[in-house]
Amino acid sequence: MNDAVLIEDATKVESLGPPTKDWKATLKRAQVALSTGAEIEIEPSLVHPLKGQPRRYLNPASIQRLADSITEVGQIYAGIVRRLPGGVLVLDHEDSSTDRRQAEYELLDGERRWRATAIAGKTFRAKVIEIDDAAARYLVAAIANFNRDDHTTLEVVDSVTKMHDELGIPLKEVAKLVGLSEFWTSRMYSLRRLSDDVRLLMDPVVVTDKRKLLPVNAALHIANLRPELQLSVAEKIVTKEVSAKAVRREGMKKAREEGQRLRYAGPRTYDLWESANSLVNVVQRTSADLAGKFEDQSFKSTVATRHPEQVARLVQTIGKVRRVLASCEEELRRLRPFTEKDMPRDD
């Protein structure tokens, strides 16, 4: 059974206009907006999701679990919204002319929390920020969303492409925003060359069995082929006619038959190492963000008002993360011993 759903209106991407040379100013506006604002309680029906947001897929089962948790202990983390001047009339179902509601806020972060509070019959707690232009709003959503790592490959590809092609942000800077290495960010950007048919094979809504999703490493090789050659190779991978490891050989064979010459990127071992580095960078950035919360007196005051179970759950999660990181560190030291002299200095 399919456990992912496509968020309504997610593919109706709001145009951000041609690439701007002043991307730094746009990013600054987004960062300033994220650092300001006050939290309020909002009726979920008054909120409308941002069109073209970075997150496109949600798992209904996870939303229900979150709704159950909110019913028991409340909403732990606030979402982010902006007030809609004059409100906007929303059609909840495109084929209906009666299911209309007046939205007063646009959701920039917290789609799962918003939907879960609606299911739980609770108000939605969110920070209201002031930000008007479409480009800065998208960056607010991207920065907030990519602090979490539960994104599909296509979500990452589309966000990287949008930030680079439409906002004019260099891939080196995009890498920092999405928490990936420059190498993996460039690889994700290369997947923009996949044909629509091949993209469907990576879509968790279309492909109901996760085991039949086209692997990312295979897609990276397939993206080197001309669009008209890509689907036949991709189908052989997902039907197990050809193994994912053999995709390069199959791609080159298909290219030779069509008279195309290919050049591939470096070995897969480098991909694996860069992938591990990217994950560590995400953990480092997220832990720094968390530590920064404890420098905020308002956050400390908020902690003091939380239910003990909420605090205990957060402490338990931090403990689990700490144990996983300790295990990873021990395994790295075992696999490739080094001395303290090999450790880089912290500048």
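Residues numbered from 1 in each chain as written. Predicted model: local features only at pLDDT ≥ 70, side-chain atom pairs only at ≥ 80, totals over all residues. Heavy atoms only, no water.

Student: I keep staring at the overall build of the chain and nothing clicks. Help me out?
Tutor: Scanning the chain for helices and strands turns up 14 helices and seven strands. Of all 347 residues assigned to the chain, the portion counted as buried reaches 40%. When contacts within the chain are restricted to residue pairs at least 6 apart in sequence, long-range pairs at least 24 apart make up 76% of them. (Helix = DSSP H or I, 4+ residues; strand = E, 2+ residues; numbered from the N terminus. Buried < 20%, exposed > 50% of the residue type's maximum accessible area, 1.4 Å probe, protein only. Contact = heavy atoms within 4.5 Å.)

Student: It is not clear to me how the packing of helix H5 (residues 153-166) against helix H6 (residues 171-178) should be interpreted in this structure. Could you clarify?
Tutor: Helix-helix packing is described using two parameters, namely the angle between the two axes and the distance between the axes. Axis separation between H5 and H6 bottoms out at 10 Å; the angle between their running directions is 140°. Taken together, H5 and H6 sit at an angle that is classed as oblique. Seen along the crossing, H5 lies across H6 with a hand that is right-handed. Touching Val-160, Met-163 and His-164 of H5 are Leu-171, Val-174, Leu-177 and Val-178, all from H6. A breakdown of the residues in the contact of H5 with H6 according to their chemical character gives six nonpolar, one polar and no charged. (Axes fitted to C-alpha atoms, helices over the stretch in contact; angles between N-to-C directions. Parallel < 35°, antiparallel > 145°, perpendicular 65-115°, else oblique. Left-handed = near helix turned anticlockwise from the far one by under 90°. Nonpolar A, V, L, I, M, F, W, Y, C, P; charged D, E, K, R; others polar.)

Student: Looking at this model, I keep getting lost on the pattern of salt bridges. Mind explaining?
Tutor: For side chains bearing opposite charge, pairing can occur when the charged atoms are close. All chains considered together, the criterion is met by 14 salt bridges. Put simply, Glu-106 and Arg-137 hold a salt bridge, and the shortest N to O gap is 3.1 Å. Of the two residues, Glu-106 is situated in strand S6 (residues 100-109) and Arg-137 in helix H4 (residues 134-145); the sequence distance between them amounts to 31 residues. Accessibility classification places Glu-106 together with Arg-137 in one group, the buried group. Note that Arg-199 and Asp-158 form a salt bridge whose closest N and O atoms lie 3.0 Å from each other. Separated by 41 residues along the polypeptide, Arg-199 in helix H8 (residues 196-200) and Asp-158 in helix H5 bring together distant segments of the chain. (Salt bridge = Lys/Arg side-chain N within 4 Å of Asp/Glu carboxyl O.)

Student: Teacher, can you tell me more about a nonpolar patch on the surface here?
Tutor: Taken together, the side chains of Val-283, Val-321 and Leu-325 define a hydrophobic patch exposed on the protein surface, amounting to about 220 Å² of accessible area. Its place among the elements puts Leu-325 in helix H14 (residues 308-335). Classification of Leu-325 by relative accessible area gives partly exposed; the value is 42%. (Patch = residues over 30% accessible without salt bridge, like charges linked within 9 Å, V, L, I, M, F, W, Y side chains within 5 Å. Areas by Shrake-Rupley, 256 points an atom, 1.4 Å probe, with all protein chains shown as cover.)

Student: When you look at the packing of H5 against helix H7 (residues 182-190) in this model, what are you seeing that I'm missing?
Tutor: Two elements in contact, H5 and H7, have axes separated by 8 Å at closest approach and are oriented at 95°. Here H5 lies roughly perpendicular to H7, going by the angle between them. Contacts from Thr-153, Val-156, Val-157, Val-160, Thr-161, His-164 and Asp-165 in H5 reach Thr-185, Met-188 and Tyr-189 in H7. Split into classes, the residues belonging to the contact of H5 with H7 amount to five nonpolar, four polar and one charged.

Student: Would you mind going over the environment of Gln-284 with me for this structure?
Tutor: Inspection of the secondary structure puts Gln-284 in helix H12 (residues 268-293). Measuring from C-alpha to C-alpha, the distance between Gln-284 and Gly-179 comes to 9.5 Å, with 105 residues separating the pair along the chain.

Student: Help me understand H4 in this model?
Tutor: Three- or four-residue spacings in an α-helix give side chains the same orientation, since the helix completes a turn every 3.6 residues. In this model, H4 (12 residues) spans 16 Å end to end at C-alpha, consistent with the 16 Å of a helix rising 1.5 Å per residue. Within H4, 12 of the 12 residues are buried, leaving the element largely enclosed by the surrounding structure. Buried residues of H4: Ala-134, Ala-135, Ala-136, Arg-137, Tyr-138, Leu-139, Val-140, Ala-141, Ala-142, Ile-143, Ala-144 and Asn-145, and no others. (Expected span 1.5 Å × (residues − 1).)

Student: What am I meant to see in the confidence of the model for the chain here?
Tutor: Interpretation of this model should avoid reading the predicted coordinates in detail wherever pLDDT is low. Averaged over all residues, the pLDDT of the chain is 81; the fraction at 70 or higher stands at 82%. Mean pLDDT values for the elements of the chain range from 43 in strand S1 (residues 5-6) up to 95 in strand S7 (residues 124-129). Of the regions scoring below 50 in pLDDT, residues 93-98 engages in six contacts with residues more than four places distant in sequence or in other chains. (pLDDT = per-residue confidence, 0-100.)

Student: When you look at the environment of Glu-309 in this model, what are you seeing that I'm missing?
Tutor: Inspection of the secondary structure puts Glu-309 in helix H14. The spatial distance from the C-alpha of Glu-309 to the C-alpha of Glu-72 is 9.7 Å, given a sequence separation of 237 residues.

Student: I would appreciate a short explanation of the nonpolar core in the present structure.
Tutor: Most often, soluble globular proteins keep nonpolar side chains buried together rather than apart. Grouped together as the largest cluster of nonpolar side chains are 55 residues, with contacts concentrated most on Val-140, Met-163 and Leu-214. Listed by contribution, the elements that provide at least two residues to this core are helix H1 (23-34), H4, H5, H6, H7, helix H9 (216-222) and helix H10 (227-238). The dominant element in this core, judged by the number of residues it contributes, is H4, at nine residues. Val-81, Tyr-105, Leu-107 and Phe-124 belong to the second-largest nonpolar core, a separate cluster that totals nine residues. (Core = buried A, V, L, I, M, F, W, Y, C linked by side-chain atoms within 4.5 Å.)

Student: I'm lost on helix H2 (residues 60-73) in this one. Help?
Tutor: Taking 1.5 Å per residue, 14 residues should reach 20 Å; H2 reaches 20 Å between its end C-alpha atoms and fits that length. All of the buried residues in H2 are Ser-62, Ile-63, Leu-66, Ala-67, Ser-69, Ile-70 and Val-73. For H2, the angular spread of the buried residues around the axis is 165°, confining them to a single face. Residues Arg-65 and Glu-72 are exposed on H2 and point more than 90 degrees away from its buried face. Against strand S4 (57-58), helix H3 (111-120) and H14 lie the buried residues of H2. Of the residues that open H2, the one with a side-chain oxygen 2.9 Å from the backbone nitrogen of Ala-61 is Asn-59. (Arc of directions from axis to C-beta. Polar contact = N/O pair within 3.5 Å; in protein donor to acceptor, adjacent residues only side chain to side chain.)

Student: Help me understand the packing of aromatic side chains in this model?
Tutor: Aromatic ring pairs are defined here through the distance separating the ring centres and the angle between the ring planes. The final tally for this structure, using the stated rule, is two aromatic pairs. A cation over an aromatic ring shows up here: Lys-162 above the ring of Tyr-138, its NZ or CZ 5.2 Å from the ring centre. Taking NZ or CZ as reference, Arg-192 lies 3.8 Å from the ring centre of Tyr-189, over its face. (Phe/Tyr/Trp six-rings, centres within 6.5 Å; stacked < 30°, edge-to-face > 60°. Lys NZ or Arg CZ within 6 Å of the ring centre and 35° of its normal.)

Student: What should I look at first to understand unusual backbone geometry in this one?
Tutor: Working note: non-glycine residues mostly have negative phi, and peptide bonds are mostly trans. At Lys-240, a residue that is not glycine, the phi angle is positive and equals roughly 65°. With respect to the secondary-structure elements, Lys-240 resides in the loop between H10 and helix H11 (247-257). What makes Lys-240 exposed here is its relative accessible area of 62%.

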